[in-house]
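# Per-entry structural report
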Amino acid sequence: MSPIRGLDRVGLLGGGVIGGGWAARFLLNGVDVTLYDPDPESPRKVGEVVANARRAFAKLTMAPLPAEGTLTFVQSPEEAVVGVDFVQESAPERLDVKRAILGRASAAAAPSVVFGSSTSGLLPTEIQQGMTSPERLVVGHPFNPVYLLPLVEICGGASTSEAAKARAVEVYSAIGMRPLVLGKEIDGFVADRLLEALWREALWLVNDGIATTEQIDDAIRFGAGLRWSFMGTFLVYRIAGGEAGMRHFMAQFGPALKWPWTKLMDVPELTDELVDHIVEQSDEQADGRSIRELEALRDDCLVAVMQGLRSADYGAGTVLADYERALFDRSPVPDEQPNADGPLLTHTTRIPSDWVDYNGHTNDSRYAQLSCDASDAFLRRIGMDAEYLGNGHSWFTVESHISYLAQSGAGDAVYVTTQVLSFDPKRLHVFNRMHLAADDTLMATGEHLYLHVDTEAGKAVPAPDDMLERIAAVATPHAKLDQPVQAGRFVGAPRR
Ligand SMILES: NC(=O)c1ccc[n+]([C@@H]2O[C@H](COP(=O)([O-])OP(=O)(O)OC[C@H]3O[C@@H](n4cnc5c(N)ncnc54)[C@H](O)[C@@H]3O)[C@@H](O)[C@H]2O)c1
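The text that follows walks through the structure, step by step, so that each part is easy to find. All values derive from a computational prediction rather than experimental measurement.

### Section: the overall build of the chain
In terms of helices and strands, the chain carries 16 helices and 14 strands. Its C-alpha atoms give the chain principal-axis dimensions of about 80 × 60 × 45 Å. Residues classed as buried in the chain amount to 42% of the 496 residues present. Long-range contacts, defined here as pairs at least 24 residues apart, represent 70% of the contacts in the chain between residues at least 6 apart. Carbon and sulfur atoms make up 56% of the accessible area of the chain, which totals about 26,000 Å². Treating the 44 positive side-chain charges of the chain as one cloud and the 67 negative ones as another, the clouds have centres 5 Å apart.

### Some remarks on unusual backbone geometry
Going from Asn144 to Pro145, the amide bond is cis rather than trans, its omega being 5°. Mapped onto the secondary structure, Pro145 falls in the loop between strand E6 (137-141) and strand E7 (151-156). Not every positive phi belongs to a glycine, and Asp287 is a case in point at roughly 55°. With respect to the helices and strands, the residue Asp287 is situated in the loop between helix H11 (272-286) and helix H12 (291-311). The backbone of Asp440 shows a phi angle near 65°, a positive value even though the residue is not glycine.

### Things to note about helix H8 (residues 213-231)
Along its 19 residues, H8 runs 25 Å from first to last C-alpha, staying within 8% of the 27 Å computed at 1.5 Å per residue. The largest bend in H8 amounts to roughly 55° and is located at Ala224. One or two positions beyond H8, positive phi appears at Gly232, with a value near 70°.

### Points about the site of the ligand
Around the ligand there are 22 residues in total, and Asp37, Glu93, Lys98, Ile101 and Ser120 lie nearest to it. Val17 is positioned with one of its backbone polar atoms (N or O) 3.0 Å from an oxygen atom of the ligand. The separation between an oxygen atom of the ligand and a polar side-chain atom of Glu93 is 2.6 Å. Taking 820 Å² as the accessible area of the ligand by itself, protein coverage stands at 72%. Within the residue set of the shell around the ligand, elements represented by two or more residues are helix H1 (17-28) and helix H4 (95-108). In terms of residues, the shell around the ligand owes the most to one element, H4, which gives three residues.

### Side note on the nonpolar core
Among the nonpolar cores identified, the biggest contains 42 residues, and Leu7, Trp22 and Phe26 are the most heavily contacted of them. Those elements that place two or more of their residues in this core are strand E1 (9-13), H1, strand E2 (32-36), helix H2 (42-60), E7, helix H6 (162-174), H12 and helix H13 (316-330). Take this core: its biggest share by element is seven residues, from H2.

### Structural notes on the sheet that holds strand E3 (residues 71-74)
Judged by pairing direction, the sheet is mixed, and its eight strands sit side by side in the order E3-E2-E1-E4-E5-E6-E7-E8 without closing on themselves. Both outer strands of the open sheet, E3 and strand E8 (178-181), are each paired with one neighbouring strand and no more. Each strand axis lies, on average, 25° off the axis of its neighbour in the sheet, ignoring direction. Of the strand pairs in this sheet, E2 and E3 are connected by four bridges, and their pairing is parallel. For Thr34, the partnering residue across the bridge sits in E3 and is Thr72. Its contacts with the sheet put H1 on E1, E2, E3, strand E4 (86-89), E6 and E7, and the angle it makes with E1 is roughly 170°.

### Brief notes about helix H14 (residues 364-381)
Taking 1.5 Å of rise per residue, 18 residues should cover 26 Å, and H14 covers 27 Å from first to last C-alpha, within 8% of that figure. Those residues of H14 lying buried are Tyr367, Leu370, Ser371, Asp373, Ala374, Ser375, Ala377, Phe378, Leu379 and Arg380. Remark: Gly383 follows H14 within two positions and exhibits a positive phi of approximately 115°.

### Considering the side chain of Ser403
Topologically, Ser403 is positioned in strand E10 (residues 393-404). With a relative accessible area of 8%, Ser403 lands in the buried category. Excluding residues that lie within four positions of it along the chain, Ser403 makes contacts with Met443, Ala444, Thr445 and Gln486.

### Some thoughts on a nonpolar patch on the surface
Taken together, the side chains of Phe230, Leu235, Ile239 and Tyr314 make up a nonpolar region of the molecular surface, amounting to roughly 340 Å² of accessible area. Along the chain, Tyr314 falls in the loop between H12 and H13. The partly exposed category is assigned to Tyr314, whose relative accessible area is 34%.

Rules used in this analysis
Residues numbered from 1 in each chain as written. Predicted model: local features only at pLDDT ≥ 70, side-chain atom pairs only at ≥ 80, totals over all residues. Heavy atoms only, no water. Helix = DSSP H or I, 4+ residues; strand = E, 2+ residues; numbered from the N terminus. Buried < 20%, exposed > 50% of the residue type's maximum accessible area, 1.4 Å probe, protein only. Contact = heavy atoms within 4.5 Å. Areas by Shrake-Rupley, 256 points an atom, 1.4 Å probe, with all protein chains shown as cover. Lys, Arg positive; Asp, Glu negative; His and termini not counted. Charge placed at Lys NZ, Arg CZ, Asp CG, Glu CD. Expected span 1.5 Å × (residues − 1). Bend = angle between axes of the 7 residues up to and from the residue. Near = heavy atom within 4 Å. Polar contact = N/O pair within 3.5 Å; in protein donor to acceptor, adjacent residues only side chain to side chain. Core = buried A, V, L, I, M, F, W, Y, C linked by side-chain atoms within 4.5 Å. Pairing = 2+ DSSP bridges. Axes fitted to C-alpha atoms, helices over the stretch in contact; angles between N-to-C directions. Patch = residues over 30% accessible without salt bridge, like charges linked within 9 Å, V, L, I, M, F, W, Y side chains within 5 Å. Salt bridge = Lys/Arg side-chain N within 4 Å of Asp/Glu carboxyl O.

By themselves, these are just geometric observations and shouldn't be taken as functional.
Below you can see the structure in the form of structure tokens.
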């Protein structure tokens, strides 16, 4: 069972660049995937995209990801949609191919199952013709890499129902995306129309010998590209209008639109010579890096941008923060407890590769993070969920002590247990033991004191009775356990 209600399994039609990206996004969100692609190489290709995505997700978030879904390859579109809760089609961009595959799959799927099409520019009214129950077809146009970029444009055709669009919004949001519902059907939708205008202009600049491919990329990435990633274009120009705002900006730069700056309406002839020229310059830019190396570089940069924006709680950073809150809320407290009355198993994970320092060992600070993640799981267990936090209450850390006992390294499976040492209505004192899963070695311990606070008033207040009861249910058997030897320790250097 996936942790997302009503989304246990999806059917994917097509497993190329985009279908592979969808597979990765669903699998990493704990959803099972059944995939049909006639290419016998598809399992290898999808496997490579999923491996890229795993690597990117390990860097993107420390929120607890669910157990990965399972990936099953099948031999026909009909088999791909049996028992699924949603279908995403990512077959080649040809109307006849899409109609054929959607016709077959929709005849086999349960009538209530909604279909998303990844098409970059075909109209949904055209695509849905020939489907059984065509009202359930929406365009769900993603961006590459699908597993990292949040945007998905949703567009209905003439027969699409509002319920189908609403279901698509629900599905895409649940896997961390940012749906943009378009009111009107239009070739290329919104994002690709904008991108194509820029692309056409860039081709002209190369064709006319004005700039190299590298100069054009530099003109974007050191300037407007940085702004685009969080404010788009209108808000940026509003700021550029200064105190007088957008009206002033329009008045000042409006006339320039009529100057012969752009050749937007024409397309340069894609002669062999022009294509060769672009390919040559583009190879030079790649500087010998393979496609996989370039993808990894792109993913690392995207992760850096999204994490930076998260700290500003803006744009794609807000989408990431909301997604992480949902991951925390969905993450189950492990229910397989080693000992009913003993310390609680609160957290299991693997040491990510970027936690390791120059000695090849997990960096000191990461043990504090592991211990805090376990405490967070315990706090969720006693009722500190998103709604509770939103209502202005929380538990704040006031003191911590970590003891380092053994080393760990990248990829090691680890688990953490939590023992309640004491509590009162405003205070909670816990002790976490961090173990290597392979042989149960105790590698570190963390002791923490938390205060229950009213976050708006900024002061400690008693926790509500139901929360205190949940703490008591754990603390009562824990009171009979031995006091851990590291509890109450401080840094034991001789005092001067
Ligand atoms: N590449 C992008 O940047 C991008 C971005 C957004 C949307 N899209 C859209 O996504 C769709 C897929 O594009 P892509 O880039 O993944 O192409 P792709 O060529 O990488 O993948 C297409 C896959 O479909 C498979 N296929 C061929 N015939 C099929 C059939 N009858 N049934 C099922 N699968 C079949 C192919 O074997 C291939 O693996 C297109 O509609 C495209 O417009 C692409």
